[in-house]
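Observations on the three-dimensional arrangement
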Protein chains: 2
Amino acid sequence: MRELPELSVHHADPSTFPPGIAYMDGQYLPIGEAKISVLDYGFLHSDATYDVAHVWKGAFFRLEDHLERFFSGLEKLHMTIPYDRAQVAEILHNCVALSGLQNSYVEFICTRGMSPTFSRDPREAINRFIAFAIPFGSVANSEQMEQGLHAAVTPIVRIPPESVDPTVKNYHWLDLVSGLYVAYDQGADTAILVDTSGNISEGPGFNIFCVTDGKISTPKLGVLKGITRQTVFDICREMQIECVAEDVPPTKLKRADEVFVTSTAGGVMPVTKIDAAPVGSGSPGSITRRITESYWRMHEDTQNRMVVEYPAMA
Amino acid sequence: MRELPELSVHHADPSTFPPGIAYMDGQYLPIGEAKISVLDYGFLHSDATYDVAHVWKGAFFRLEDHLERFFSGLEKLHMTIPYDRAQVAEILHNCVALSGLQNSYVEFICTRGMSPTFSRDPREAINRFIAFAIPFGSVANSEQMEQGLHAAVTPIVRIPPESVDPTVKNYHWLDLVSGLYVAYDQGADTAILVDTSGNISEGPGFNIFCVTDGKISTPKLGVLKGITRQTVFDICREMQIECVAEDVPPTKLKRADEVFVTSTAGGVMPVTKIDAAPVGSGSPGSITRRITESYWRMHEDTQNRMVVEYPAMA
């Protein structure tokens, strides 16, 4: 008879975590306490939707737009949570205030959850809401923000809308992760995926824009309707720069004068090299720079801001 | 100044869990203790692979095949774990033995994990291995096993191989879950998805077979290479029934004499109604029945079994 190992009562987690505060089950918790069961279908079936807002210099930026998209995603996935938009906003606020973070990446999630019987019927699961605030992160580091990202256009096809609705922000990223490994093999920083027609789609966590003869294009179909993407449309309207959502073939991207990517995680970020060749002059372009400046200036505008009320220092 | 809520030290989880034992971080734990951080990319990017073996009447069935597929998936996803096959088999054995379950659903997982800095570069993450044993579950309940499942062929396209390699068993299920809701709306029990060419693909957790004039067909491309699917090929060879992996148009499926689905979760399960119409006679067919019987008989064959050594009752 072989000897069986001891059974432990509680899990001792050896992981280290970034600073941050999470909310789940009515409790505000250190980020390291925010865990989901391995039986949650949000994990086992990636059956979840989420959104990421950010706090910059002590204020949320365009939070309403993120809430709008999140609640729309819930409806499309037949999920319900016991909070309305104002209550979710309050929870997010509290996570950030308790964390003390002036610049923060604020994610809120609804998973399908689980049923106590581990039923395979998603209608029997109890949906679960989780939120957390951690330090602000960026797709591009400070050197890449300065000099521009090096992206590789990979042959990997972004999961098409016929399979998963890209307007429901979701965690289906294995195609994007595979793309990253292809890009790393080529010495690039990040990956750009194509759509089923071979046109440019999106990258890991960002939308893509190119500037040709002063006119801006970004892929129209099969991509996340990014809030930063929408902000770029708004900025272009303001600046009277033409900006159109349309098919973008890889050749158009590679021959563009400027290329940039957008994400809540980093804002507007220049791309100065695609595959082996420089984009335009090989340095971040003037239109990219003007849009980036305008993007951060918009953060001062009170109509886009929800100010965080931090606790007084003890 | 608004009042901020209290911060809790530890998460108090209101969930109830099925019986079962899990393994993670060198510890054997009650299943309710097996949780992953919301920062684990296995959750946030569904960046994970897994496999599910089953234990029937106190023995694993074809465990080697599941281990083979799991380790192949790890390699394709650039993941590493500090265990070899024999060690994983030992861990799975211990989970089942400690659980006392004679019939068990045994899942083992590798997630990308996280890096302490929450880096977005998957190469910086520490991959994480988790395993658990819970009671055996089935795609079909006992009534459905008897009378056959009612399936709906949905227009939803299974995530194509150009996006995610289906031979790497993965958690990208939102297309399958959407399919289930479409099926439920039509009064069906489960969903069948199509591939990008409009041919039959697979359903939520199962492969699909149809029998026409004594010959069996199952989709060839873009599907999981199921171990139960392979077992059906083996049984058919033994029984001298022709069984071919090929394109299966929906019309062929609907006009078939018999249809069945296969999964580790349930084995071989009859489908007797597709959309509004009965399949063949509307009752489970004789070939389906013979294959099902043979499938369970194979569980007695010592070459397919790894016996679990349960602890002596105290």
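Residues numbered from 1 in each chain as written. Chains lettered and ligands numbered in written order. Predicted model: local features only at pLDDT ≥ 70, side-chain atom pairs only at ≥ 80, totals over all residues.

Tallying secondary structure elements over chain A gives eight helices and 16 strands in all. Its C-alpha radius of gyration of 21 Å places chain A within 12% of the 20 Å reference for a compact globule of 314 residues. A principal-axis box enclosing the C-alpha atoms of chain A has dimensions of 70 × 55 × 35 Å. Split into buried and exposed, the 314 residues of chain A put 52% on the buried side. By sequence separation, contacts in chain A at least 24 residues apart represent 69% of the contacts at least 6 residues apart. (Helix = DSSP H or I, 4+ residues; strand = E, 2+ residues; numbered from the N terminus. Rg over C-alpha atoms; globule rule 2.2 N^0.38 Å. Buried ≥ 20, exposed ≤ 12 C-beta atoms within 10 Å, placed from the backbone. Contact = placed C-beta atoms within 7 Å.)

How big an interface is tends to be stated in terms of the accessible area lost upon association of its parts. Opposite the 69 residues of chain A that make contact, chain B presents 70 residues. Those elements that provide at least two residues to the side of chain A that touches chain B are strand 1 (21-24), strand 2 (27-30), strand 3 (35-37), helix 1 (41-44), helix 3 (85-99), strand 7 (126-135), strand 8 (149-157) and helix 5 (174-185) of chain A. Examining the composition of the side of chain A that touches chain B, we find that six residues originate from one element, helix 5 of chain A, more than from any other. As judged from the three bridges shared by strand 3 of chain A and strand 3 (residues 35-37) of chain B, these two strands associate in the antiparallel manner. Each residue of the ladder has a partner; that of A:Lys35, found in strand 3 of chain B, is B:Ser37. (Pairing = 2+ DSSP bridges.)

The transform that puts chain A on chain B rotates by 180 degrees and translates by 0.0 Å along the axis, for an RMSD of 0.0 Å. Overall, the copies show the geometry of a two-fold rotation axis. Interface overlap between copies: 100% of the residues of chain A at the interface are likewise at the interface in chain B, consistent with a symmetric, same-surface contact. (Least-squares fit on C-alpha atoms with pLDDT ≥ 70 in both.)

Before going further, it helps to examine the packing of helix 6 (residues 227-239) of chain A against helix 8 (residues 286-298) of chain A. Residues and elements named next belong to chain A. Their axes nearest at 10 Å, the elements helix 6 and helix 8 cross at an angle of 105 degrees. Taken together, helix 6 and helix 8 sit at an angle that is classed as roughly perpendicular. Listed contacts from helix 8 to Thr231, Val232, Ile235 and Met239 of helix 6 are Arg290, Ile291, Ser294, Tyr295 and Met298. Class assignment for the residues of the contact of helix 6 with helix 8 results in six nonpolar, two polar and one charged. (Axes fitted to C-alpha atoms, helices over the stretch in contact; angles between N-to-C directions. Parallel < 35°, antiparallel > 145°, perpendicular 65-115°, else oblique. Nonpolar A, V, L, I, M, F, W, Y, C, P; charged D, E, K, R; others polar.)

So, about the domain arrangement of chain A. Residues and elements named next belong to chain A. Taken domain by domain, chain A comprises domain 1 (21-135) and domain 2 (142-298). Tallying the contact residues gives 16 residues for domain 1 and eleven residues for domain 2. Sorting the residues of the side of domain 1 that touches domain 2 by element identifies strand 4 (48-56) and helix 2 (63-76) as the ones contributing at least two each. Sort the elements by how many residues they give to the side of domain 1 that touches domain 2 and strand 4 lands first, with seven residues. (Domains from an automatic or database assignment.)

Turning our eyes to something else, we now look at the sheet that holds strand 1 of chain A. Residue and element names in this part refer to chain A. Across the sheet, which stays open at both edges, the seven strands sit in the order 2-1-7-6-4-5-16 with antiparallel pairing between neighbours. Either end of the sheet is taken by a strand with one partner, and the two such strands are strand 2 and strand 16 (305-307). Pairs of neighbouring strands in the sheet enclose a mean axial angle of 25 degrees, with direction left out of account. Pairing geometry for strand 1 and strand 7, over four bridges, is antiparallel.

Structural remark: α-helix, 3.6 residues per turn; residues separated by three or four positions point the same way. Residues and elements named next belong to chain A. In a regular helix each residue adds 1.5 Å, so 13 residues correspond to 18 Å; helix 6 covers 18 Å between its end C-alpha atoms and thus fits that length. What helix 6 keeps buried is the set Ile227, Thr228, Arg229, Thr231, Val232 and Ile235. Just beyond helix 6, the residue with positive phi is Gln240, at close to 60 degrees. (Expected span 1.5 Å × (residues − 1).)

All names here are of chain B. The strand order across the open sheet formed by seven strands is 2-1-7-6-4-5-16, and the pairing between neighbours is antiparallel. Sheet topology places strand 2 (27-30) and strand 16 (305-307) at the edges, where each strand pairs with a single neighbour. Neighbour-to-neighbour, the strand axes of the sheet open up by a mean angle of 25 degrees, direction not taken into account. In this structure, strand 4 (residues 48-56) lies alongside strand 6 (residues 104-114), joined through eight bridges in antiparallel fashion. Paired with Val52 across the two strands is Glu107, which belongs to strand 6.

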